[in-house]
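# Understanding the architecture of this molecule
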Amino acid sequence: FVVLPRGAHPAVQKFLSLHKHLFPIRSLKSLPSDLSGLHRLGLVDAQRRDRIGPAEHLLSYAKRVTVVDHHIDGETDIPEATDYVVEKVGSVSTMIVERLQQSQLELSEAEATLLALGIHADTGSLCYDSTTPRDAFALSWCMEQGASQAAIAEHVQSSLSVEQQGVLTQALINTNSTVI
């Protein structure tokens, strides 16, 4: 099962809500009550308990816990973790894309778009200081796989929210200028 106990970036969440029929994402409440058969738990973009949120109780059931993260400066406080995949990239989606590339898998348009949105969200559309060339290559591969540019443009937030744009517009309207 894929569970997002703390949700996702707003752009990613919006895309997922429109395409939920394409992705096997479940709520924590919908998981089976008997978790004794939970063999493997993957913690993505979370190597600290405070990032797991309400899913923390799953740690005690898993026989194997894999942490996949791109925040290399943090120390883990999850002693249950048996495997770590922590790399210095701007987005955990980049790490996933690279593994998909190595496996020579082809993605659907929705899968490629979702991963591209993840890269955009984590890297500020490749503008954050933490962005690496690997992120750009991964985003390029998502485009090669058919990521929808229209969907990305629709879901990636502009640098100003609608509310911020309104405030800026009002400020410009109310600005007095004096010609000297």
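So, here is what we can say about the structure in this document. (Residues numbered from 1 in each chain as written. Predicted model: local features only at pLDDT ≥ 70, side-chain atom pairs only at ≥ 80, totals over all residues. Heavy atoms only, no water.)

Let us now look at the packing of helix α1 (residues 10-18) against helix α4 (residues 109-123). Interaxial distance between α1 and α4 falls to 9 Å at its minimum, and their mutual angle equals 165°. Between α1 and α4, the interaxial angle falls into the category roughly antiparallel. Handedness of the crossing formed by α1 with α4: right-handed. Together, Ala11, Val12, Phe15 and Leu16 of α1 and Ala110, Thr113, Leu114, Leu117, Gly118 and Ala121 of α4 make up the contact between the two elements. Residue classes in the contact of α1 with α4 are distributed as 8 nonpolar, 2 polar and no charged. (Axes fitted to C-alpha atoms, helices over the stretch in contact; angles between N-to-C directions. Helix = DSSP H or I, 4+ residues; strand = E, 2+ residues; numbered from the N terminus. Parallel < 35°, antiparallel > 145°, perpendicular 65-115°, else oblique. Left-handed = near helix turned anticlockwise from the far one by under 90°. Contact = heavy atoms within 4.5 Å. Nonpolar A, V, L, I, M, F, W, Y, C, P; charged D, E, K, R; others polar.)

All told, the structure shown has 8 salt bridges when counted by the stated rule. Here Arg49 ties to Glu56 by a salt bridge, and the two come within 3.0 Å at their closest N and O atoms. Residue classification places Glu56 among the partly exposed positions, given a relative accessible area of 34%. One salt bridge in this structure joins Glu98 and Arg134, with 2.6 Å as the shortest N-O distance. With Glu98 in helix α3 (residues 92-102) and Arg134 in helix α5 (residues 133-144), the pair connects residues that are 36 residues apart, well separated along the chain. Residue Glu98 is classed as buried on the basis of its relative accessible area, which comes to 16%. (Salt bridge = Lys/Arg side-chain N within 4 Å of Asp/Glu carboxyl O. Buried < 20%, exposed > 50% of the residue type's maximum accessible area, 1.4 Å probe, protein only.)

All right, on to the nonpolar core then. Ranked by internal contacts, the top residues of the largest apolar core, which has 22 residues, are Phe15, Val97 and Cys142. When residues of this core are traced back to their parent elements, those giving at least two are α1, α3, α4, α5 and α6 (149-155). Ranked by residues supplied to this core, first place goes to α4 with 8 residues. Look past the residues within four positions of Cys142 in its chain and what remains in contact with it is Val97, Ala112, Leu115, Ala116, Ile119 and Ala147. By size, the runner-up hydrophobic cluster in this structure holds 15 residues, among which are Leu31, Leu41, Ala46 and Ile78. (Core = buried A, V, L, I, M, F, W, Y, C linked by side-chain atoms within 4.5 Å.)

This part is about the sheet that holds strand β3 (residues 40-44). Strand order in the open sheet formed by 3 strands is β3-β4-β5, with parallel pairing between adjacent strands. Edge strands, defined here as strands with exactly one partner in the open sheet, are β3 and β5 (83-86). Neighbouring strand axes in the sheet, compared pairwise and without regard to direction, differ in orientation by 15° on average. Strands β3, β4 (64-69) and β5 of the sheet are contacted by α3, whose axis makes an angle of about 110° with β4. (Pairing = 2+ DSSP bridges.)

Each pocket or cavity is described by its volume, and for the largest pocket that value is around 1,600 Å³. Together, 41 residues line the largest pocket, and Val2, Val3, Leu4, Val44 and Ile96 are the ones closest to its centre. Every element with two or more residues in the lining of the largest pocket is listed here: β1 (2-3), α1, β3, α2 (49-52), α3 and α4. Considering each element in turn, the lining of the largest pocket owes the most residues, 6 residues, to α4. Here the residues of the lining of the largest pocket sort into 28 nonpolar, 6 polar and 7 charged. Space inside the second largest pocket adds up to approximately 260 Å³. Lining the second largest pocket we find Arg40, Leu41, Gly42, Leu43, Val44, Thr66, Val68, Val85, Ile96 and Arg99. In terms of residues, the lining of the second largest pocket owes the most to one element, β3, which gives 5 residues. Among the residues forming the lining of the second largest pocket, the class breakdown is 6 nonpolar, 2 polar and 2 charged. (1 Å grid on protein atoms, 1.4 Å probe; cavity = no way out; pocket = protein on both sides within 12 Å on 5 of 7 lines; lining within 4 Å. Points joined across faces, edges and corners; volume = space filled by probe spheres on them.)

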